[in-house]
Amino acid sequence: MAYRSPVADIRFILDKVVPLAPVAATERFAEATPETVEAVLTEAGKLCDEVMAPLLRAGDLHPARLENGVVRTSPGFREAYQQIAEGGWVAVAAPQEYGGMGLPQTICVAVNDMMSGANLALQLNPLLTQGQIEALEHHASEEIKALYIPKLISGEWSGTMNLTEPQAGSDVGALRSRAEPLGDGTYAITGQKIFISWGDSDVTENICHLVLARLPDASPGTKGISLFMVPKYIPDAAGKPGVANTLGVVSLEHKMGLHGSPTCVMSFEAAKGWMVGEPGKGMAAMFTMMNNARLAVGVQGIGVAEAAFQQALAYAQDRVQFSQIIQHADVRRMLAEMRAEIFAARSIALACAVALDLGRATGEDHWLARAALLTPIAKAYGTDTGIWVAEQGVQVHGGMGFIEQTGAAQYCRDVRVTAIYEGTNGIQAMDLVGRKMADDGRAAFRLLQEIEDAAKAAREALPDLAEAVWQSAETLREHTEGMIAQGTQDCFAGAVPYLRAFARVLGAHYHLRAALEGGAHEKLAAIYIRRLLPQAEAALAAARAGAVDLFALSPEDLGA
Ligand SMILES: Cc1cc2nc3c(=O)[nH]c(=O)nc-3n(C[C@H](O)[C@H](O)[C@H](O)COP(=O)(O)OP(=O)(O)OC[C@H]3O[C@@H](n4cnc5c(N)ncnc54)[C@H](O)[C@@H]3O)c2cc1C
């Protein structure tokens, strides 16, 4: 079964559920007319279906490999990347002044969704470049912007992010890489970074590493970290890749999945770098890239979920056991819930992107606060959905799901890392209940009010479904009030179930909006609201339980 980009589903959400129209009504995004959006999505969809998806298996069977210090990518990846770059798909939302399309982030999210479904490992390359462009746009000097951004947008060069070190994973503040000033405005960067996605490859002529490191007199922790641009080849006077920098790939990781994406151990040995942003403000600058990437990684989960679902649906119509297996209630349940989860996760991610675009185009703070609130939810729920749907996809296939040649297992293996990188989903949940509620929950309560108002307005047309959504929002509001009054440890102990409950209520809200259009949308909303939304109540009970029980159970009690 060949992957088909879900252009019509995305269009429906952007028309009826999370309208793009207010974004297109702003001066900044006036070019994002329905006709342009249709044309862009259709064209991107063709690339995904015809060029990227056919290489999915090759990436799995023939992982990227290290040959004499140079990474050789999986068969076909180089040529496919050229087509991505030539089509302008590396950076759909990048600024026009540097050669980008200047379209809303929402359209970029939609394109990334389709590309992730087609080929996650390959899509990770432009994803990282997009984040780097945004970080440079906001924090780099004019010279760095002028030199690097056009090359990144054209796809001639690609971008990476170098945070992780062996002792510094979630605790980025523990990193030890050093940056010594060379007296001419440049720095010598020394240190080892691990797990660097697309840290080297043969698909672009230069690779631009954004590296976190410490200046000699830097204070400990995250405050002492600065950000540096450290290119593989140092650009010459003409802006072409010049002499090789003193950095390289030590080894490639052997991974559970995502084999087509080279995950590199990098060594920087007094490599020449340029500071991006101010000394000691590296984390703030890197956060621009990470926030962009967090939403984008959530979307990776949704893309893979879509592909796994399409394959499971096709198999369920083909396979006969007594009857076509799709005629069995339990198989129907799996397929219906997979579809309902994908719709909810996709709507949340697009709502996050629309809020970002409206914030940027209007300068109104409440939109940016909305985007900030939705980012950890979109990341964690999008990736949890990817993992859960891919796993259900295996189950729909029965024994054939466990056999590699069907491809169902690859989706499971590939998507698993999305809940880990870009900040584990546990860290996302702590961000939601900590930093994102630091406004006393104002952004959350504003959103919950909108959900309740929309549910009230839908009561006449859809009484049962609307009542369930209203009630769930009310319960979440009460819990949120209680949680804000809780101590940090209790809050963190309940963060993951709280995030899941929030995602469920949001998902139900968007399903309710879709249900007002009737037909299959209403039937799918009934699946979500009757069968999945009730999980919010159970999740909130777990969220309310606090930390006491967890720490009452000592490591010895656990069997240590
Ligand atoms: C395939 C792959 C690609 C990657 N690509 C990149 C990349 O391009 N660039 C880059 O810099 N990094 C990259 N990473 C690294 C990735 O971002 C880290 O693996 C991730 O941030 C988690 O860090 P860790 O692996 O050290 O886990 P740890 O931080 O050791 O976490 C282990 C467990 O402890 C939990 N935990 C840790 N701290 C806390 C806390 N304070 N509170 C509660 N729970 C906590 C975590 O949630 C997790 O469950 C990649 C990783 C992989 C596997």
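Everything discussed here concerns the structure shown above.
None of the values given here were measured: they were computed from a predicted structure.

A.B. asks: Please explain the overall build of the chain as it appears in this structure.
C.D. replies: For the chain, the helix and strand inventory stands at 20 helices and 13 strands. Dimensions of the chain, computed from C-alpha atoms along their principal axes, come out at roughly 70 × 60 × 55 Å. Within the chain, the proportion of its 560 residues that are buried is 58%. Long-range contacts, defined here as pairs at least 24 residues apart, represent 75% of the contacts in the chain between residues at least 6 apart. Entry remark: accessible area of the chain is about 22,100 Å², with carbon and sulfur atoms responsible for 55%. Separation of charge centres in the chain, based on 46 positive and 64 negative side chains, amounts to 2 Å.

A.B. asks: Where do I start with the side chain of Thr-383 in this structure?
C.D. replies: With respect to the helices and strands, the residue Thr-383 is situated in helix α11 (residues 365–397). With relative accessibility at 0%, the residue Thr-383 sits in the buried group. One polar contact links the side chain of Thr-383 to the main-chain carbonyl oxygen of Ala-380, over a distance of 3.1 Å. Residues contacting Thr-383, with those up to four places away along its chain left out, are Val-297, Gly-298, Gly-301, Ala-378, Thr-418, Ala-419 and Asn-425.

A.B. asks: Before we go on, may I ask you to explain the pairing of strand β6 (residues 206–214) in this structure?
C.D. replies: Residues in a regular strand point their side chains to alternate faces of the sheet. Counting buried residues along β6, nine of its nine residues qualify, which places the element largely inside the surrounding structure. What you see with β6 is no split at all: Asn-206, Cys-208, Leu-210, Leu-212 and Arg-214 on one side and Ile-207, His-209, Val-211 and Ala-213 on the other are buried throughout. Strand direction decides the pairing type here: strand β3 (residues 157–162) and β6, joined by six bridges, are parallel. Counterpart to Met-161 in the pairing with β6 is Leu-210.

A.B. asks: Is there a simple way to explain the packing of aromatic side chains in this structure?
C.D. replies: For any pair of aromatic rings, the description consists of the separation of the ring centres together with the inter-plane angle of the planes. On inspection of all chains with the given rule, the structure shows three aromatic pairs. Arranged with centres 5.7 Å apart and planes meeting at 65°, the rings of Tyr-148 and Trp-157 form a pair that is edge-to-face. Each member of the pair, Tyr-148 as well as Trp-157, carries the same accessibility label: buried. The interplanar angle of 85° and the centroid separation of 5.9 Å between the aromatic rings of Tyr-498 and Phe-502 together place this pair among those described as edge-to-face. Separated by four residues within a single helix, Tyr-498 and Phe-502 lie in helix α17 (residues 495–515), roughly one turn from each other. For the pair Tyr-498 and Phe-502, one class covers both residues: buried.

A.B. asks: Looking at this model, I keep getting lost on the site of the ligand. Mind explaining?
C.D. replies: Around the ligand, the structure places 18 residues, and the nearest of them are Met-161, Thr-164, Ser-170, Phe-195 and Thr-424. Phe-195 has a polar backbone atom sitting 2.7 Å from a nitrogen atom of the ligand. Taking Thr-424, its side chain carries an N or O atom lying 2.7 Å from an oxygen atom of the ligand. Look at the ligand: alone it shows 970 Å² of surface, and the protein chains cover 61% of it. Elements supplying a minimum of two residues to the shell around the ligand: β3, β5 (186–197) and α13 (425–433).

A.B. asks: Help me out: how do you make sense of the pattern of salt bridges in this one?
C.D. replies: Pairing between side chains of opposite charge can happen when the charged atoms of each approach one another. For the structure shown, the criterion picks out 30 salt bridges. The partner of Arg-477 in a salt bridge is Glu-452, with the nearest N and O atoms 3.4 Å apart. Here the residue Arg-477 occupies a position in helix α15 (residues 463–485), and Glu-452 occupies one in helix α14 (residues 442–457), the gap between them amounting to 25 residues. For the residue pair Arg-477 and Glu-452, the accessibility class agrees, reading buried in each case. Salt bridges sharing partners connect three or more residues here, namely Arg-57, Asp-60, Glu-404 and Arg-413.

A.B. asks: Help me understand the packing of α11 against α14 in this model?
C.D. replies: In a pair of packed helices, the angle between the axes and the distance between the axes together describe the arrangement. Running from N to C, α11 and α14 cross one another at 90°; their axes reach a closest spacing of 9 Å. Comparing their axes, α14 and α11 come out roughly perpendicular. Contact residues: His-366, Ala-369, Arg-370, Leu-373 and Leu-374 in α11; Ala-443, Ala-444, Arg-446, Leu-447 and Glu-450 in α14. Looking at the contact of α11 with α14, its residues break down into six nonpolar, one polar and three charged.

A.B. asks: Explain the side chain of Asn-125 to me, please; I cannot follow it from the model alone.
C.D. replies: Positionally, Asn-125 belongs in helix α7 (residues 120–139). Look past the residues within four positions of Asn-125 in its chain and what remains in contact with it is Tyr-81, Ser-158, Trp-198 and Val-203.

A.B. asks: Looking at this structure, I do not really get the packing of helix α9 (residues 282–318) against α11. What am I missing?
C.D. replies: Following both chains from N to C, one finds α9 and α11 inclined at 20°, their axes separated by 7 Å at the closest point. Between α9 and α11, the crossing angle belongs to the class labelled roughly parallel. Our pair here, α9 against α11, has a crossing hand that is left-handed. Counted by class, the contact of α9 with α11 contains 13 nonpolar, 11 polar and two charged residues.

A.B. asks: Looking at this structure, I do not really get the nonpolar core. What am I missing?
C.D. replies: Generally speaking, soluble globular proteins have nonpolar side chains that are buried together. Ile-107, Leu-136, Tyr-498 and Phe-502 are the most contacted members of the largest nonpolar core, which has 175 residues in total. Not counting residues up to four positions away in its chain, the partners in contact with Leu-136 are Ile-144, Lys-145, Tyr-148, Ile-149, Leu-152, Leu-210, Met-229 and Val-276. In terms of nonpolar packing, the next biggest core, distinct from the first, is built from 19 residues, Val-211, Leu-247, Leu-252 and Ala-271 among them.

What counts and what doesn't
Residues numbered from 1 in each chain as written. Predicted model: local features only at pLDDT ≥ 70, side-chain atom pairs only at ≥ 80, totals over all residues. Heavy atoms only, no water. Helix = DSSP H or I, 4+ residues; strand = E, 2+ residues; numbered from the N terminus. Buried < 20%, exposed > 50% of the residue type's maximum accessible area, 1.4 Å probe, protein only. Contact = heavy atoms within 4.5 Å. Areas by Shrake-Rupley, 256 points an atom, 1.4 Å probe, with all protein chains shown as cover. Lys, Arg positive; Asp, Glu negative; His and termini not counted. Charge placed at Lys NZ, Arg CZ, Asp CG, Glu CD. Polar contact = N/O pair within 3.5 Å; in protein donor to acceptor, adjacent residues only side chain to side chain. Pairing = 2+ DSSP bridges. Phe/Tyr/Trp six-rings, centres within 6.5 Å; stacked < 30°, edge-to-face > 60°. Near = heavy atom within 4 Å. Salt bridge = Lys/Arg side-chain N within 4 Å of Asp/Glu carboxyl O. Axes fitted to C-alpha atoms, helices over the stretch in contact; angles between N-to-C directions. Parallel < 35°, antiparallel > 145°, perpendicular 65-115°, else oblique. Nonpolar A, V, L, I, M, F, W, Y, C, P; charged D, E, K, R; others polar. Left-handed = near helix turned anticlockwise from the far one by under 90°. Core = buried A, V, L, I, M, F, W, Y, C linked by side-chain atoms within 4.5 Å.

That's the geometry; what it means functionally is another story.
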